[in-house]
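Structural overview for review
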Amino acid sequence: MTASTSSPQPDQPGQPGRPPRGGTPTAYAVSPDSGEHWTVEGAWEVAPGIHRIPLPLPMDGLKAINVYTIETDDGLTLVDGGWAIPEARELLDRCLKGIGAGFGDITRFLVTHVHRDHFTMATVLGRELGIDVALGADEKPALDLLNNAGDLTENPFVAVLRSAGAHDVAEVWLGVGEDDPDLTQWQYPTTWLDGDQRIAVGDRVLDAVHTPGHTPGHYVFAEADAGLLFAGDHVLPTITPSIGFTVPPMDQPLGHFMASLTRVRALPDLRVLPAHGPVSPSTHARVDELLAFHEDRLDQSLAALSGGPLTSHDVAGHLGWTRHEKAYDSLDVFSQGMAAMETKAHLELLHARGRVTREETEAGVRFTAT
């Protein structure tokens, strides 16, 4: 990959849209396990033998990712690994020592999805120490893209943005230089998860449930006996995960996401152990909020088409963004790109439902209300 193109390394689990009504802002969210803000350093016990370790993220928005340790007689299983940056590695080492363990006690990583704040520390430590790393099989195309980044002629998100009608945004993204991806952080897992399955973790049994939407190969891990859901980015307590922000592009990402939410809603009501934000009491309540949020967003997107055909970029300009209902034009260019791609996901679902028609044009895909 040339220096003039950006490698496809999505790292923003949250999107610039509004959180569902009634949610606590992430910046003020206290987690019940610690009694502190959810990002405060520590190995916080969320259940007997299970600890939550928030690790830092080098970004302005979300400040941390929760990595979960599960104790067994044979060592530790970790759900997600964190971002492979020195400060996160040092903090993970320090927090593990706080519960009488270390890197040598880790026997397996169960990674919810391929985004680098979840995957890269797992794959680095996995290769260094011979630890098994499990990842959803449908994340393989993204890893293939990264491992063949030298063959790309431009940032692969640019084509997605152009399809959304966000040509000016695409030109900015095209001009953002980034070094080639560090392939030591993007090695293939040792185990591919394919379909739903049961995974023994010591005396526990986790139900690995395929939940595509945020990414094609996203998984959650449910322990029904303990009433817990290791939710990754699928069910977040204070924000909604980005939708449509994947390469290669996913067909009907919002449709898959909402179907996956419905699958999780059909499970018993569980405590949410999210990747970002505080531990929360009810998957059922949060899933209901998320589904209602996206139905409302679909209605708003359809209403924006009342004056005639528009691209996703155009429709995004009619919507409010973030908790503060910011105008699209006031967003930074990165958030504008995410907003345009997410709006396209909503419009494509409206098309699948027969509520709009779509037409490929040089300006991008134009949608018209039926």
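Remember, it's a predicted structure, so these values are computed and weren't measured experimentally.

This brings us to the sheet that holds strand β10 (residues 197–201). Taken in spatial order, the five strands line up as β10-β11-β12-β13-β14 in an open sheet, and their pairing is mixed. Looking at strand neighbours, the two that pair on one side only are β10 and β14 (271–274), the edges of this open sheet. Taken pair by pair, the neighbouring strands of this sheet meet at an average axis angle of 25°, ignoring direction. As paired strands, β10 and strand β11 (residues 204–210) are joined by five bridges and run antiparallel to one another. Across the sheet, the residue bridging to R198 is D207, located in β11.

Moving on: empty space enclosed by the protein. Tallied over the full model, the rule gives one cavity of 30 Å³ or more. Roughly 30 Å³ of volume is contained in the largest cavity. Contributing to the lining of the largest cavity are N66, Y68, V79, D80, T112, F230, A231, G232, L273, P274 and A275. Every element with two or more residues in the lining of the largest cavity is listed here: β5 (64–72), β13 (228–232) and β14. A total of three residues in the lining of the largest cavity trace back to one element, the largest contributor, which is β13.

So, about the confidence of the model for the protein chain. The pLDDT averaged across the protein chain works out to 92; a share of 92% of its residues lies at or above 70. Considering only residues more than four positions removed or in separate chains, one finds that residues 1–22, a stretch of pLDDT under 50, has 101 contacts.

Another aspect to go through is helix α7 (residues 283–304). End to end, α7 covers 32 Å across 22 residues, agreeing with the expected 32 Å (1.5 Å per residue, within 8%). A distance of 3.4 Å separates the backbone nitrogen of H284 from a side-chain oxygen at the start of α7, and that oxygen is part of S282.

Below, the discussion takes up the pairing of β14. As paired strands, β13 and β14 are joined by four bridges and run parallel to one another. Within the sheet, the bridge partner assigned to F230 lies in β14 and is L273. Taken together, β13, helix α6 (residues 253–265) and β14 constitute a β-α-β crossover, and its handedness is right-handed.

The next subject is the nonpolar core. In this structure, V235, L254 and Y328 are the most contacted members of the largest nonpolar core, which totals 53 residues. Per-element tally for this core: the top contributor is helix α9 (residues 333–352), with eight residues. Ignoring anything within four residues of it in the chain, the contact list for V235 reads L261, V264, V272, P274, R286, V287 and L290. If you look at the next biggest cluster of nonpolar residues, it comprises 36 residues, including L55, L92, A101 and A122.

Moving on, we get to unusual backbone geometry. With an omega of -10°, the peptide bond between V247 and P248 qualifies as cis. Tracing the backbone shows P248 in the loop between β13 and α6. In this structure, Q252 takes a positive phi of about 55° despite not being glycine. Locating Q252 in the fold gives a position in the loop between β13 and α6. We classify Q252 as buried; its relative accessible area is 18%. You will see that E325, though not glycine, has its phi angle at about 55°, which is positive.

Thresholds applied
- Residues numbered from 1 in each chain as written.
- Predicted model: local features only at pLDDT ≥ 70, side-chain atom pairs only at ≥ 80, totals over all residues.
- Heavy atoms only, no water.
- Pairing = 2+ DSSP bridges.
- Helix = DSSP H or I, 4+ residues; strand = E, 2+ residues; numbered from the N terminus.
- Axes fitted to C-alpha atoms, helices over the stretch in contact; angles between N-to-C directions.
- 1 Å grid on protein atoms, 1.4 Å probe; cavity = no way out; pocket = protein on both sides within 12 Å on 5 of 7 lines; lining within 4 Å.
- Points joined across faces, edges and corners; volume = space filled by probe spheres on them.
- pLDDT = per-residue confidence, 0-100.
- Contact = heavy atoms within 4.5 Å.
- Expected span 1.5 Å × (residues − 1).
- Polar contact = N/O pair within 3.5 Å; in protein donor to acceptor, adjacent residues only side chain to side chain.
- Right-handed = clockwise from strand over helix to strand, strands pointing away.
- Core = buried A, V, L, I, M, F, W, Y, C linked by side-chain atoms within 4.5 Å.
- Buried < 20%, exposed > 50% of the residue type's maximum accessible area, 1.4 Å probe, protein only.

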